[in-house]
Amino acid sequence: MSKIHVYFMPGMAASSSIFERIHLPTETFEMHLLEWVLPNNNESLKEYAKRMAKNIKHENVILVGVSFGGILVQEMKPFVNPKKVIIISSIKSNAELSRQMKVAKSTKAYKLIPTKLFENIEFLAKFTFGSSVLKQKLKRYEKFLSVRDKGYLDWAIEQIINWNRTKIDDEIIHIHGDADEVFPIKYIKKAIHVKGGTHIMIITKYRWFNENLPKIMLDNYRN
């Protein structure tokens with residue numbers, strides 16, 4: 001069997017360095033790391049996904065997306081025709097948004113988020129990773145949050161809050177932490193639960209992923 005090409009998409013504002021401790025068996029898998037690019041003016045999520053899909057250079061790939069990256073890879077799916085799509089710390093439809101996010105959508109309160117403040121790493125880390133991020137670890141997380149363009153952040157927040165997917169794609173494989181603050185587990189349906197996993201478990205629970213991702217990827221995979 002030829003190698004399986006796996007493309008990883010980080011979460012909102014994050015760089016691919018969040019995957020630095022993720023290691024897949026090299027005799028079976030080849031990892032490819034995607035990065036956020038700035039959206040065009042008034043670009044829809046579908047248009048952005050189509051543009052990002054041009055970075056997929058192989059057939060029969062597996063797409064893995066974290067948080068907003070998980071939303072994006074689901075939107076990329078029709079343009080890529082992947083073998084599998086795996087989302088981590090993300091959602092499969094707008095029904096899985098938190099109550100606060102649904103209120104923000106109905107009231108348009110998300111438009112009042114002062115993204116200019118995200119130039120301060122503490123504000124950005126807590127908004128992106130959850131309020132449990134400890135101050136003493138902020139320096140460590142700073143390297144993961146490389147996309148601080150205000151236009152991108154405004155666009156990304158709007159795309160998450162206003163994601164129009166109402167029907168869950170049953171083919172999506174969902175891995176979710178039971179301590180996720182951004183997308184609480186109580187709103188999440190049909191997911192593989194990771195005990196103690198927070199919204200940044202791709203970083204903090206890397207051992208779990210290194211042990212379990214290969215098995216999840218190979219299950220029912222046919223070249």
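Structural data are supplied above this passage.
Cut-offs and rules
- Residues numbered from 1 in each chain as written.
- Predicted model: local features only at pLDDT ≥ 70, side-chain atom pairs only at ≥ 80, totals over all residues.
- Heavy atoms only, no water.
- Helix = DSSP H or I, 4+ residues; strand = E, 2+ residues; numbered from the N terminus.
- Buried < 20%, exposed > 50% of the residue type's maximum accessible area, 1.4 Å probe, protein only.
- Contact = heavy atoms within 4.5 Å.
- Areas by Shrake-Rupley, 256 points an atom, 1.4 Å probe, with all protein chains shown as cover.
- Salt bridge = Lys/Arg side-chain N within 4 Å of Asp/Glu carboxyl O.
- Expected span 1.5 Å × (residues − 1).
- Bend = angle between axes of the 7 residues up to and from the residue.
- Phe/Tyr/Trp six-rings, centres within 6.5 Å; stacked < 30°, edge-to-face > 60°.
- Pairing = 2+ DSSP bridges.
- Axes fitted to C-alpha atoms, helices over the stretch in contact; angles between N-to-C directions.
- Core = buried A, V, L, I, M, F, W, Y, C linked by side-chain atoms within 4.5 Å.
- Parallel < 35°, antiparallel > 145°, perpendicular 65-115°, else oblique.

S.K.: Describe in detail the overall build of the chain, supporting the description with residues and values.
M.R.: Of regular secondary structure, the chain possesses eight helices and six strands. Counting all 223 residues of the chain, 52% fall into the buried class. Taking contacts inside the chain between residues at least 6 apart in sequence as the whole, the part at least 24 apart equals 67%. With the model as given, the accessible surface of the chain reaches about 11100 Å², and the carbon-plus-sulfur share is 50%.

S.K.: Outline the pattern of salt bridges, listing residues and values.
M.R.: Side-chain pairs of opposite charge can arise where the charged atoms are in close proximity. Evaluation of the coordinates by the stated rule reveals six salt bridges. In this structure, Asp169 and Lys77 form a salt bridge, with 2.6 Å as the shortest nitrogen-oxygen distance. Of this pair, Asp169 sits in the loop between α6 (150-161) and β5 (173-177) while Lys77 sits in helix α2 (residues 68-80), placing them 92 residues apart in sequence. Accessibility expressed as a relative area gives 17% for Lys77, which makes it buried. The partner of Lys77 in a salt bridge is Glu171, with the nearest N and O atoms 2.5 Å apart. One end of the pair, Lys77, is in helix α2; the other, Glu171, is in the loop between α6 and β5, and 94 residues separate them in sequence. Taken together, the shared-partner salt bridges connect Lys77, Asp169 and Glu171 into one network.

S.K.: Quick one: what's the story with α2, residue by residue and with numbers?
M.R.: The end-to-end C-alpha separation of α2 is 18 Å, in line with the 18 Å expected for 13 residues at 1.5 Å each. At Gln74, α2 shows its largest kink, close to 25°, and the proline Pro78 lies no more than four residues downstream. Where burial is concerned, most of α2 is hidden: 11 out of the 13 residues are buried. Along α2, the residues that are buried comprise Phe68, Gly69, Gly70, Ile71, Leu72, Val73, Gln74, Glu75, Met76, Lys77 and Val80. The positive-phi residue at the C-terminal boundary of α2 is Asn81, with phi of around 55°.

S.K.: Any details on the packing of aromatic side chains? Residues and values, ideally.
M.R.: This model, assessed by the stated rule, comprises eight aromatic pairs. Look at Tyr152 and Trp155: their rings are 6.3 Å apart centre to centre, the planes differ by 40°, and that puts the pair in the tilted class. One end of the pair, Tyr152, and the other, Trp155, are both in helix α6, three residues apart, so they sit about a helical turn from each other. The residues Tyr152 and Trp155 share a single accessibility class, namely buried. Joined through ring pairs, the aromatic side chains of Trp36, Tyr48, Phe68, Tyr152 and Trp155 make up one cluster.

S.K.: I'd like to hear about the sheet that holds strand β4 (residues 84-88), residue by residue, with values.
M.R.: Across the sheet, which stays open at both edges, the six strands sit in the order β2-β1-β3-β4-β5-β6 with parallel pairing between neighbours. Each having just a single partner strand, β2 (29-33) and β6 (192-194) make up the two edges of the open sheet. For this sheet, the mean angle separating the axes of adjacent strands, direction not counted, is 20°. Note: strand β1 (residues 4-9) against β2, five bridges, orientation parallel. Bridge pairing in β2 places Phe8 opposite Leu33. In this fold helix α8 (residues 206-218) packs onto β1, β2, β3 (62-66), β4, β5 and β6, with an angle of close to 155° to the strand it touches most, β4.

S.K.: Account for the nonpolar core, with residues named and values stated.
M.R.: Membership of the largest hydrophobic core comes to 65 residues, with the highest contact counts inside it found for Phe68, Met76, Tyr152 and Met217. Those elements that provide at least two residues to this core are β1, α1 (45-52), β3, α2, β4, α6, α7 (201-204) and α8. For this core, the element with the highest residue contribution is α6, accounting for seven residues. In this structure, Tyr152 is in contact with Met12, Ala13, Trp36, Val37, Leu38, Pro39, Phe68 and Val147, ignoring residues within four places of it in sequence.

S.K.: Lay out the packing of α1 against α2 with the relevant residues and their values.
M.R.: Where α1 meets α2, the axes come as close as 8 Å, and the angle between the chain directions of the two elements is 75°. With respect to each other, α1 and α2 are oriented roughly perpendicular. Note on element contacts: α2 touches α1 through Phe68, Ile71, Leu72, Glu75, Met76 and Phe79, opposite Leu45, Lys46, Tyr48, Ala49, Lys50 and Met52.

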